[in-house]
Amino acid sequence: MPSKRELWAGMAFFALAAAALVLLRRPFDAIGWASLAACLGFVVLAGIGLVKPDIGRAKPRIEDGREATAAPALFGHHRTHENEPVEVEDVPIGDPSPDELRILQATVAALEAVGGLEVGEIDAGSLWNAAQRQDPGHPIGVHEAIGSFAALYDDRYHDDGHPRIGRLTFVPAHTEYDAPLLAEITASVLASLGHAVQPRDVTAMLPPDGAQGTAEIAFPIDGTTRTVSCEYLWKYPPADLIPALGRFQKREDPRDFVCGDSGDQTLVYAAIRSGTLAELNRRLPAEEDLFSKA
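Residues numbered from 1 in each chain as written. Predicted model: local features only at pLDDT ≥ 70, side-chain atom pairs only at ≥ 80, totals over all residues. Heavy atoms only, no water.

Engineer: In this structure, what is going on with the side chain of Q132? I would like to understand it.
Structural biologist: With respect to the secondary-structure elements, Q132 resides in helix 4 (residues 124–134). Within the structure, the side chain of Q132 is placed 3.3 Å from the backbone oxygen of H138, a separation counted as a polar contact. (Helix = DSSP H or I, 4+ residues; strand = E, 2+ residues; numbered from the N terminus. Polar contact = N/O pair within 3.5 Å; in protein donor to acceptor, adjacent residues only side chain to side chain.)

Engineer: Any chance you could explain the sheet that holds strand 2 (residues 168–172) here in plain terms?
Structural biologist: Two modes of strand pairing occur in sheets, parallel and antiparallel, and in both the strands are linked by backbone hydrogen bonds. Pairing is antiparallel across the open sheet formed by 4 strands, whose spatial order is 2-7-6-8. Both edges of this open sheet fall to strand 2 and strand 8 (291–293), since each of them pairs with a single strand only. For this sheet, the mean inter-axis angle between neighbouring strands, taken without regard to orientation, is 30°. With 5 bridges connecting them, strand 2 and strand 7 (residues 266–273) associate as antiparallel partners. Paired with L168 across the two strands is A270, which belongs to strand 7. Against the sheet, helix 6 (residues 179–192) touches strand 2, strand 6 (255–261) and strand 7, its axis set at about 160° to strand 2. (Pairing = 2+ DSSP bridges. Axes fitted to C-alpha atoms, helices over the stretch in contact; angles between N-to-C directions. Contact = heavy atoms within 4.5 Å.)

Engineer: Help me understand the side chain of S192 in this model?
Structural biologist: Relative to the helices and strands, S192 resides in helix 6. Under the relative-accessibility criterion, S192 is labelled buried at 0%. From its side chain, S192 meets the backbone oxygen of V189 in a polar contact 2.6 Å long. (Buried < 20%, exposed > 50% of the residue type's maximum accessible area, 1.4 Å probe, protein only.)

Engineer: Which parts of the structure should I look at to understand the pattern of salt bridges?
Structural biologist: Oppositely charged side chains may form a pair once their charged atoms are brought near each other. The final tally for this structure, using the stated rule, is 3 salt bridges. Notably, a salt bridge pairs R283 with E279, separated by 3.0 Å at the nearest N-O pair. With R283 and E279 both in helix 8 (residues 277–283) and 4 residues apart, this pair spans about one turn of that helix. Judged by its relative accessible area of 24%, E279 is partly exposed. Members of the salt-bridge network, linked through shared partners, are R167, D253 and R255. (Salt bridge = Lys/Arg side-chain N within 4 Å of Asp/Glu carboxyl O.)

Engineer: Honestly, empty space enclosed by the protein in this entry has me stumped. Any pointers?
Structural biologist: Take a probe with the size of a water molecule and roll it over the atoms, and the empty space left behind shows itself. Following the criterion strictly, the structure yields 1 cavity of 30 Å³ or more and no others. In this model, the largest cavity occupies a volume close to 40 Å³. V171, I185, P237, P238, L241, I242 and Y269 together form the lining of the largest cavity. In terms of residue class, the lining of the largest cavity is made up of 7 nonpolar, no polar and no charged. (1 Å grid on protein atoms, 1.4 Å probe; cavity = no way out; pocket = protein on both sides within 12 Å on 5 of 7 lines; lining within 4 Å. Points joined across faces, edges and corners; volume = space filled by probe spheres on them. Nonpolar A, V, L, I, M, F, W, Y, C, P; charged D, E, K, R; others polar.)

Engineer: In this structure, what is going on with helix 4? I would like to understand it.
Structural biologist: Side chains of residues three or four places apart in an α-helix project in the same direction, reflecting 3.6 residues per turn. Among all positions in helix 4, only A124, L127, W128, A130, A131 and Q132 are buried. For helix 4, the capping residue at the N-terminal end is D123, with a side-chain oxygen 3.0 Å from the backbone nitrogen of G125.

Right, here's the structure in full:
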């Protein structure tokens, strides 16, 4: 669904267009009446969208540059208002085909081999069930197999904290980025490096009035507050945030961040053992590389 800013702009434009038609095109012919009806129809729909913003897919609110401390928030979890979870209706789940099962097993094995998952942490059956609950009946290819980790994350969500799934971080590719979302991404990335950081520990300061600019993100590591900067674009994930946080890896366990596209508007970042990107792509059942260095 469009943002409120876009709805207001669209409503104003079509209201002016309708007024211009009334002033300049009278008496109306068939085309004039159709044009007027279309303009007024858009104004009505935009007004409904502003009055009832929960129609369609909900998106987080921009914090207008104010400092905010994150609470458990997004990553595609089904919810209604603020942090209120919603029970997802049970749907019949069959069994994967032999090819689908092979793809799921190979994806799990590839991430285990490079340290993105602990051996035995996730099984192919759990991924299949999570993917089918999210999109029943959709066939599983390697992109869907990667995306099923994000679906599993949603299914295992609890309000008292986010369970870790290996060293993976899920980032929505098309949404409005506010301070809580950036704080949650930051906490997940740092946790994948072995730091005990929760979203509530992270503070994000955005540019004022939701404008493009530099965001400052602060978090504690080993009792010391650290700060990183990233370029903030309100509808795009900051490309320089993950590399900036990657500098806080532990010397005894060096990690590289790699990024893959699940094909479902979600980016998957994995903190794998240093130097194992080529092995990860080689083990995945795909004709082209699915992960690249973040």
